[in-house]
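Residue strings, one per chain:
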Amino acid sequence: MDKREVKIDYTVYENSCPSAYEAICRKAVEVIPNAYSIYSGFSVGSAVLLENGEIVAGTNQENAAYPSGLCAERTALFYAQSVYPGVKVKALAIAAFNKGIQTEDVVTPCGACRQVMAEVVKRYGDFEVIMIGRDRSVCLKASDLLPFAFTLL
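Residues numbered from 1 in each chain as written. Predicted model: local features only at pLDDT ≥ 70, side-chain atom pairs only at ≥ 80, totals over all residues. Heavy atoms only, no water.

Q: I tried to follow the pairing of strand S6 (residues 128–132) on my own but got confused; where do I start?
A: Two faces make up the sheet, and in a regular strand the side chains alternate between them. Counted residue by residue, S6 has five buried out of five residues, so it is predominantly covered. Neither face of S6 is exposed, since Glu128, Ile130 and Ile132 on one face and Val129 and Met131 on the opposite face are all buried. Sheet topology note: the strand S4 (residues 89–98)/S6 ladder contains four bridges and is parallel. By the bridge assignment for S6, Ile94 is matched with Met131. Taken together, the five bridges between S6 and strand S7 (residues 136–141) define a ladder with antiparallel strand orientation. In the sheet register, Ile130 faces S7, and the bridge partner there is Cys139. As consecutive antiparallel partners, S6 and S7 are separated by three residues. (Buried < 20%, exposed > 50% of the residue type's maximum accessible area, 1.4 Å probe, protein only. Helix = DSSP H or I, 4+ residues; strand = E, 2+ residues; numbered from the N terminus. Pairing = 2+ DSSP bridges.)

Take a look at the structure:
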């Protein structure tokens, strides 16, 4: 038997976001009202900073035929890859409101979003993920969110 361990490095920012990513953190919060979350009341905004300086945002979109909706992170990443194919993702920020109030703790991506991020990492290289809460944010590498991601290649 060969026992191993997975360690994840992350940074906590009290009452702020990383200064290099303030614009996408603001954008992630700014787009939250565009979410279509009439069933859960949990509205999520996400913003992606691309290597070319463009910022692309997305929100969660629910559907009565659950789980036909789409998370904010995947909305933003898929839109970025559609409009700017081949452009590397530099960072992604995520923020949420629960019934109109910003979440106290950071909001983390679901498993499906983590898998999509893993595929983006595979295609273009690693990027920062900033998870935003009311009183703090957490920053880590996308590759650390799903250390044993599914892959075909």
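Q: What should I look at first to understand the pattern of salt bridges in this one?
A: Once the charged atoms of two side chains with opposite charge are near each other, the side chains can pair. By the definition in use, this model includes six salt bridges. Its salt-bridge partner being Arg136, residue Asp105 comes within 2.6 Å of it at the nearest N-O pair. Residue Asp105 is located in the loop between strand S5 (101–102) and helix H3 (111–124), and its partner Arg136 is located in strand S7; the two are separated by 31 residues in the primary sequence. A relative accessible area of 26% places Arg136 in the partly exposed class. In this structure, the salt-bridge partner of Glu128 is Lys141, at a minimum N-O distance of 2.8 Å. Here Lys141 lies in strand S7 and Glu128 lies in strand S6, a separation of 13 residues in the sequence. Given a relative accessible area of 16%, Glu128 falls into the buried group. Overall, the relative accessible area of 35% leaves Lys141 in the partly exposed class. (Salt bridge = Lys/Arg side-chain N within 4 Å of Asp/Glu carboxyl O.)

Q: For this particular structure, what's the right way to read the nonpolar core?
A: Within the largest apolar cluster, 27 residues are counted, with the highest numbers of intra-cluster contacts made by Val48, Leu77, Leu92, Ile94, Met117, Phe127 and Val129. Of all the elements in the fold, those that place two or more residues in this core are strand S2 (42–50), helix H2 (72–83), S4, H3, S6 and S7. In terms of residues, this core owes the most to one element, H3, which gives six residues. Excluding anything up to four places from it in sequence, Leu92 contacts Ile24, Ser46, Ala47, Val48, Glu73, Leu77, Met117, Phe127, Glu128, Val129 and Ile130. (Core = buried A, V, L, I, M, F, W, Y, C linked by side-chain atoms within 4.5 Å. Contact = heavy atoms within 4.5 Å.)

Q: What am I meant to see in helix H1 (residues 22–30) here?
A: Helical periodicity: at 3.6 residues per turn, an α-helix aligns residues three or four positions apart in one direction. Residues of H1 that are buried: Ile24, Cys25 and Ala28. Across the axial projection of H1, the buried residues extend over an arc of 105°, all falling on one side. Residues of H1 that are exposed and angled more than 90 degrees away from the buried face: Arg26 and Glu30. Elements in contact with the buried residues of H1: S2, strand S3 (55–59), S4 and S6. (Arc of directions from axis to C-beta.)

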